[in-house]
Amino acid sequence: MNQNYDFKSVEAKWQNEWLKNRVFEVNEDTSKKKFYCLEMFPYPSGRIHMGHVRNYAIGDVIARYKRMKGFSVLHPMGWDAFGLPAENAAIKHGVHPAKWTYENIDHMKSQLIKLGLSYDWRREVTTCSPEYYRWNQWIFLKLYEKGLAYRKSSFVNWCPSCATVLANEQVIDGACWRCESQVEQKELEQWFLRITAYAEELLKDCDRLTGWPEKVLTMQRNWIGKSEGVEVDFPIDGMNEALRIFTTRPDTIFGVTFMCISPEHPLAERLCEDREALKRIRKLQREPEIKEGIFTGKYAINPLNGEKVPIWIANFVLIEYGTGAIMSVPAHDQRDFEFAVRYGLPIKVVIKPFEKDLPVPIKEAYEEEGVMVNSGAFSGLTSREGKKAVADYIEEKGLGKKTVNYRLRDWGISRQRYWGTPIPIIYCNHCGIVPVPEKDLPVILPENVSLTGKGESPLKYVDEFYRTKCPLCGGDARRETDTMDTFVDSSWYFVRYCSLHDEEAFHREKIKYWMPVDQYIGGIEHAVLHLLYARFFTKVLRDLGILPFDEPFERLLTQGMVCMESYRCLEHDWLFPKEVKDGRCIHCGKPVQTGRVEKMSKSKKNIVDPDEMIETYGTDTVRVFTLFAAPPEKDLEWSSQGVEGAHRFLKRVYALFYKHHGWLKNTSIDDSEARSLGVLSIGMTGESNILSLIHRTIKRVTLDIEKEYQFNTAIARLMEFVNEVYSYEPKTDEERKLFKFALKNFLLLLSPFAPHIAEELWHEIGEQGFILNEPWPSYDEELAKEQMIELVVQINGKVRSKIMIPQGLSDEDVVKIALDDEKVKQWIDGKEILKVIPVKGKLVNIVVKG
């Protein structure tokens, strides 16, 4: 055994051994319970970042732990490989997207292998391969057959920078989710998936997802946005048309003083003659801080009181929500109030508070419940009573109907870019829209394209792709040139992992064994994107008879971000951490401004290269730090000192085993023998018993993992164990055997977090086989009971209190207990504490002034 911890050779050795012996491969085993652990697969950008490292390390600990607990564990990995970055890189660097993508995959795969991640690489999926995307096309055809995929002309979200359409979920505060450019509205023929057909089920089943963070469920519920109300037609004066509105507040209908319609409403151009003004309003859509409108010169008739109200076109009314037209009640809706004030429109109060009248004029909208006033026969009803009474009246008189509305809109999947799944549709002048026959799948993405990024699919200019024959009549036809939104790729990939590459995509028996995913891990930013789409696809595949379940993911863990302070030099702008030394820029020597701690990003250069960290400290150190620095769901603040601390811990572990390696290899002991020897009291710190110590450690680490994956405290328990036994010197054979038992179990506990060093030391102490294949150690409740010790508390050297405390607490915890003791408080009350001196496991001396 080498004296020094050579992490480079140790880690390379075991990575090779694991791959050579195919340790991580798994097949269905009906004699075992299954556990499917999955992290969201990455986009192959070329290099992994620390966010990837943290995400995958969390998943790997869970997978290794569950395997040692006796589960048959599926832990796969693949690549979300279609998308804009590859196409943009092709345009910028003159390299084909396929070449760029596959080279990146090769590099990133080698990085993941270096992290010691326990993936079954036989199951690797790459979404840009025809073997994978043919099934995107197959699912699309099934959706088309069931009327869940359709084409229509629609105003869509257009990103001028990415030069493509965005789904509603991909527009964040009016900007593109990827590049943050302001989104425009553009009318195009588009393909949609009818996710709204599952709106109620998607909403209702949120209640079943008890293993999901409530924040994610709230985001999905709000996005689906169910609301109950009435639809009412407001006839347009002088036209044989009506504006249909949806409202959840029929009790306020007598307070309508104007109508607003979306700039994209079908009647907008007929009602507004000022085309330039309409164009300007359309550009202002989705700007939440700006409320602008155009008066059309036309009026609508309130069907309940016959009043004429002006019709405005307003930028804040979106065509995809409700009917694209709203009744505006400025006295009881703050947005309408601000619009009315800006344009000098009437404000009519029809709901007053229960106990008082509103001031005249009102200063802001009154949006609470109250009593109906100025509402004809309904005056005097409470607003709650009025909602039902007015809705009943509207239905009774044939003015409208009660209905349920959803904020959720159908998913537009057409993208005017090259690097994506071709939509399997053919257009024939004689037969119309014709789906590609299943036998002709996959429709292969051609390689000989000219990429410009100018917002028009280049597939239109590849004749051998674009020009084709109609499958029905054999006549000349053309292919659809839009490609699918890449979120289609990730909406079912977790199902594909269940079968090996040479097997059918939907192997029902294997899917039945492995699915659903037991633990899914990924960022909360996908709450209403990938996670909602995956739930939708799961329900569709269920209805196609492929999946025997309703939801894809039993438990969801949304890990926190990896954060770091940023550095800026006035001369050289943002700096990488390695470009700063002693608070100064290494290039010009000027003082550096230190920014706040925030998410690592390339733009601000507050990033750490995982490869550099692994080269300097080793994979196990990087894993231990990222798992120890914060609980998985919390943000992690990067700390160079923390990395050093994790590395010192592992070197200390190695040194502990090296100190005893001469006899450890030739000593053996099993659980039963350890119990018989456990009556011996082994002197380490005070009267600690080593058998009790290891059982307490097993219990603590096990419960920390089982309870919300608190890996940080689990690692802290392992550090405490090492501190407790580091100076221990066993003298007799019995003591050595018991110590070997403790160290052996310690390695089992350490192995999910730092697998390479654990594997190395496992063999150095004479154990056989891979540590991953060993069972997780069990603990005895009696032996795991906390041992209590008496803590003496001195004040200025005189004993003032004695407290019974659990053995093994940190100095920080011991000091806190001492200062909180009532007797101690009496002696230090009002006095200045100069210092507090803890003596491990024995006493605390508090030095006070006076």
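Note that the structure is a prediction, hence the values are computed from the model and not measured. (Residues numbered from 1 in each chain as written. Predicted model: local features only at pLDDT ≥ 70, side-chain atom pairs only at ≥ 80, totals over all residues. Heavy atoms only, no water.)

1. What to know about the overall build of the protein
Filter applied, for reference: Numbered from the N terminus, helices here are DSSP runs of H or I no shorter than four residues, and strands are runs of E no shorter than two. With a 1.4 Å probe rolled over the protein chains alone, any residue whose accessible area is under 20% of its type maximum counts as buried; one over 50% counts as exposed, and the rest are partly exposed. In this description, contact between two residues means that some pair of their heavy atoms is separated by no more than 4.5 Å. Per-residue and other accessible areas follow the Shrake-Rupley method at a 1.4 Å probe size, with only the shown protein chains counted as cover for residues. Counted as positive: Lys and Arg. Counted as negative: Asp and Glu, with His and the chain ends omitted from the count. For the purpose of locating charges, the reference atoms are NZ of Lys, CZ of Arg, CG of Asp and CD of Glu.
A count of helical and extended segments in the protein gives 25 helices and 35 strands. On the principal axes, the C-alpha backbone points of the protein span a range of 105 × 80 × 65 Å. For the protein, the proportion of its 850 residues judged to be buried stands at 55%. A sequence separation of at least 24 residues applies to 71% of the contacts in the protein between residues at least 6 apart. Carbon and sulfur atoms provide 48% of the accessible area of the protein, an area that totals close to 37,400 Å². Taking the average location of the 115 positive side-chain charges in the protein and that of its 124 negative ones, the two points are 1 Å from each other.

2. Section: the UniProt feature "short sequence motif: 'HIGH' region" (unreviewed entry) in the protein
Inclusion rule: UniProt positions are given in the numbering used here, feature names are shortened, and annotations may be inferred rather than shown by experiment.
Per the UniProt record, "short sequence motif: 'HIGH' region" (unreviewed entry) is found at residues 42-52. Helix makes up 27% of residues 42-52 and strand 0%. Its end C-alpha atoms lie 8 Å apart.

3. Thoughts on the packing of helix 21 (residues 711-725) against helix 22 (residues 733-750)
The angle between the axes and the distance between the axes are what describe a pair of packed helices. As a reminder, the rule being used: Axis angles are defined between N-to-C directions and span 0 to 180 degrees, where every axis is a line fitted to C-alpha atoms and, for a helix, only to the segment in contact. Each angle gets one of four labels, with under 35 degrees taken as roughly parallel, over 145 as roughly antiparallel, 65 to 115 as roughly perpendicular, and the rest as oblique. For any helix crossing, the convention is left-handed if the near helix is rotated counterclockwise from the far helix by under a right angle, and right-handed if that rotation is clockwise.
Two numbers describe how helix 21 lies on helix 22: the axes approach to 11 Å, and their chain directions differ by 155°. Considering their axes alone, helix 21 and helix 22 lie roughly antiparallel with respect to each other. The element helix 21 and its partner helix 22 pack so that their crossing is left-handed. Taken together, the residues of helix 22 that come into contact with helix 21 (itself represented by L718, F721, V722 and V725) are F739, A742, L743, F746, L749 and L750.

4. Here we look at helix 9 (residues 275-283)
Our working rule: Regarding the arc, it is the one traced by the directions from the helix axis to the C-beta atoms. Definition of a polar contact: a pair of N or O atoms within 3.5 Å, with one able to donate and the other able to accept a hydrogen when the atoms are protein atoms, and with sequence-neighbouring residues admitted only if both atoms are side-chain atoms.
Every buried residue of helix 9 is listed here: A277, L278, I281 and R282. Projection of helix 9 onto a plane perpendicular to its axis shows the buried side chains occupying an angular sector of 140°, all on one side. Of the exposed residues in helix 9, the ones pointing more than 90 degrees away from its buried face are E276 and K283. Among the structural elements, strand 3 (149-159), strand 7 (184-193), helix 8 (268-271), strand 11 (293-301) and strand 12 (308-314) are those in contact with the buried residues of helix 9. The N-cap of helix 9, judged by a side-chain oxygen 3.4 Å from the amide nitrogen of E276 a few residues on, is D274.

5. Regarding the environment of V643
Looking at where V643 falls in the secondary structure, it is placed in helix 18 (residues 640-664). C-alpha separation for the pair V643 and Y617, spaced 26 residues apart in sequence, amounts to 8.1 Å.

6. Observations concerning unusual backbone geometry
Cis geometry is adopted by the peptide bond preceding P361, which originates at V360 and carries an omega value of -5°. On the secondary structure map, P361 appears in the loop between strand 14 (351-352) and strand 15 (371-372). Following L441, the chain continues to P442 via a peptide bond in cis, the omega torsion being 0°. Among the secondary structure elements, P442 is positioned in the loop between strand 20 (432-435) and helix 12 (463-466). Even without a glycine there, the phi angle at D582 is positive, about 55°. Looking at where D582 falls in the secondary structure, it is placed in the loop between strand 28 (580-581) and strand 29 (584-585). Phi is positive for Y709, close to 50°, though the residue is something other than glycine. Along the chain, Y709 turns up in the loop between helix 20 (690-706) and helix 21.

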